[in-house]
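# Summary of the model geometry
These are the residues of each chain, in order.
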Amino acid sequence: MGKRMLAFFRTDRLFSISLLLALIACFFGTFRWSFIDFKVILSLFGLMLVINGLEEAGLLRAFGQKLVEKSRNLRDLIRAIVLLSFFSSMFLTNDVAILTLLPIYLLLTRKEQQHTSVLLGAVYLIVAANLGSSLFPFGNPQNLFLFSYYQISLPQFMWTTGTFVGLSLLLLLVSIQLIPKTPLEIALQEEPFEKKPALLNAGLFVLMILGIFSVLPISIAVLVVAAVVWFSNKRLFAKVDYRLLLTFLCFFLIVGNIQDLSLVTDHIRPYFQETHRAFLGSILLSQGISNVPAAILIAPFTDLEKAVLLGVNVGGLGTLIASLANLIGYKLLKQARPKEARTFQKLFFIVNIIFLLLLGSIVYLLL
């Protein structure tokens, strides 16, 4: 029993650390329900149900197969899968894009001799998912939290992220051009998607978006989604990332208690009152603790929502732990190609640092 619990906490260290810190914070501070942003928790839960349903229906896999059919060489294949990752992550989140597309890509390229090019393709796929998901509030967890916390309108949100996402796409396309045009020989296996589940979950996704934008009460939207999923495909409840939900809850409790300590807030708040410092601080904090908890920790100390929003999204680039999606991608690659994991880490770091410096510098100048 003890070994199982130890293994459970070791598999997700961010959750383990956040749980420990939350317990300490509540022990020495206080527990209040008002610390927890339940709209964010409910929104994440409902989105996970719906997005897992879309993924299970095989929609992305079907798109991936069509793109492969049109690819004449390795560069074409990488461009196609990276673009699919970029645009699908806008609606289906960065995690789902990586979880669905990276295994397909690694399977398709398992016989390719250009190992460096293949690994670069995997890196670009992960980077594309992180960058593409920055456009909409529901593309990743940090956006969803900041959208709810600051009560940002959708036009204002997209006006803030649009230029950054456009620049990201341009940089990705230029980078892919550096990959050689190696001839491609892939045996395709047809994987049709299930139309009825796809349409049902697409409808539920629209319902969740209405809840997130407060057209409907979020509690009603999630209740309807949960009820429909329960009667149509209750297996999806087992696919929900409950540890991520609990991680959010823990950070809400940690931040709530920090806000009660004037000695701490008096030192933190001044740093995030200037736009460029708030932007850089958001990036740097993301490198150490990941961009989701960084967003939750920084938001209460500043009204500069644009700087924080751009900072934590740019901050998803860089280290492996800068984004939870990065860790997911690394785990998938290590499982599929353990001998190439070290080379992947080096390429991942080089590409991410270049993207971070270039995009970070441009956004810094535009702020």
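Every chain's residues receive numbers from 1 upward, in the order its sequence appears when written. Local features in this predicted model are restricted to residues whose pLDDT is 70 or higher, and side-chain atom pairs enter the listing and the counts only when it is 80 or higher, whereas totals over whole chains, interfaces and linings include all residues. Note that the side-chain values use all heavy atoms of the structure and ignore hydrogens as well as water.

## What about the overall build of the protein?
- Strands here are runs of E lasting at least two residues and helices are runs of H or I lasting at least four, both read from the DSSP assignment and numbered beginning at the N terminus. When you go through the protein residue by residue, the secondary structure sums to 19 helices and zero strands.
- Both definitions apply: the radius of gyration is a C-alpha atom measure, and the globule rule equals 2.2 Å times residues to the power 0.38. For the protein, the C-alpha radius of gyration of 20 Å lies close to 21 Å, the compact-globule estimate for 367 residues.
- Taken over the C-alpha atoms alone, the protein extends approximately 65 × 50 × 50 Å along its principal axes.
- Split into buried and exposed, the 367 residues of the protein put 54% on the buried side.
- Contacts are assigned to residue pairs with any non-hydrogen atoms lying within 4.5 Å of each other. A separation threshold of at least 6 residues defines the contact pool for the protein, and within that pool the share at least 24 residues apart is 81%. Three labels apply to residues, based on accessible area from a 1.4 Å probe with only protein chains included: buried if under 20% of the type maximum, exposed if over 50%, partly exposed otherwise in between.

## Observations regarding a nonpolar patch on the surface
- Residues enter a patch when their relative accessible area is above 30% and they make no salt bridge; the linking distance is 9 Å between like charges and 5 Å between nonpolar side chains (Val, Leu, Ile, Met, Phe, Trp, Tyr). With residues, only the protein chains shown are counted as cover, and all accessible areas are computed by Shrake-Rupley using a 1.4 Å probe. We count a salt bridge whenever a side-chain nitrogen from Lys or Arg sits within 4 Å of a carboxyl oxygen from Asp or Glu. Taken together, the side chains of I17, L20, L21, I24, F27 and F28 make up a nonpolar region of the molecular surface, amounting to roughly 690 Å² of accessible area.
- With a relative accessible area of 70%, F28 lands in the exposed category.

## A closer look at the packing of helix 7 (residues 115–132) against helix 18 (residues 324–336)
- Lines fitted to C-alpha atoms define the axes here, with helix axes fitted over just the stretch in contact, and angles between the N-to-C directions of these axes take values from 0 to 180 degrees. Contact geometry for helix 7 and helix 18: axes closest at 10 Å, N-to-C directions at 155 degrees. By the angle between their axes, helix 7 is roughly antiparallel relative to helix 18. Every pair of crossing elements has a handedness; the one defined by helix 7 and helix 18 is right-handed. Judged by residue contacts, L119, A122, I126 and N130 of helix 7 engage A325, N326, G329, Y330 and L333 from helix 18.
- When the residues that make up the contact of helix 7 with helix 18 are grouped by side-chain class, the tally is six nonpolar, three polar and no charged. Reported orientations rely on four angle classes, namely roughly parallel under 35 degrees, roughly antiparallel over 145, roughly perpendicular from 65 to 115, and oblique for the rest. Handedness of each helix crossing follows the sense of rotation of the near helix against the far helix: counterclockwise by less than a right angle gives left-handed, clockwise gives right-handed. Classification used: nonpolar for Ala, Val, Leu, Ile, Met, Phe, Trp, Tyr, Cys and Pro, charged for Asp, Glu, Lys and Arg, polar for all others including Gly.

## Side note on the pattern of salt bridges
- Taken as a whole, this structure holds four salt bridges when the rule is applied.
- One salt bridge connects R235 with E56, and the closest N-O pair in it is separated by 2.8 Å. With a gap of 179 residues between them, R235 in the loop between helix 11 (218–233) and helix 12 (236–239) and E56 in helix 3 (residues 38–56) connect regions that are remote in the sequence.
- Notably, a salt bridge pairs R79 with D76, separated by 3.0 Å at the nearest N-O pair. In this pair, R79 and D76 both sit in helix 5 (residues 74–92), three residues apart, roughly one turn of the helix.
- By relative accessible area, which is 22% here, R79 ends up partly exposed.
- Among the residues examined, D76 registers a relative accessible area of 11% and is labelled buried.
- Taken together, the salt bridges that share partners define one network made up of E56, R235 and K239.

## Regarding the packing of aromatic side chains
- Side-chain rings of Phe, Tyr and Trp, where Trp is taken by its six-membered ring, are said to pair if the distance between their centres is within 6.5 Å; with planes under 30 degrees apart they count as stacked, over 60 as edge-to-face, and otherwise as tilted. By the definition in use, this model includes 20 aromatic pairs.
- Judged by centre distance (4.9 Å) and plane angle (85 degrees), the ring pair of F31 and W33 falls under edge-to-face.
- F31 sits in the partly exposed class, given a relative accessible area of 39%.
- Among the residues examined, W33 registers a relative accessible area of 59% and is labelled exposed.
- Ring plane angle 90 degrees and centroid distance 5.7 Å describe the contact between F138 and F205, whose orientation is recorded as edge-to-face. Placement of the pair is F138 in the loop between helix 7 and helix 8 (141–150) and F205 in helix 10 (residues 195–212), with a sequence separation of 67 residues. For the pair formed by F138 and F205, the shared burial category is buried.
- Consider the ring centre and the ring normal. A charge sits over the ring if Lys NZ or Arg CZ is within 6 Å of that centre and within 35 degrees of that normal. Here K234 stacks its cationic end above the ring of W230, 4.2 Å away from the centre of that ring.

## Examining the environment of A341
- Positionally, A341 belongs in helix 19 (residues 341–366).
- In this view, A341 contacts Y330, L333 and K334; residues no more than four positions away in its chain are not counted.

That's the geometry; what it means functionally is another story.
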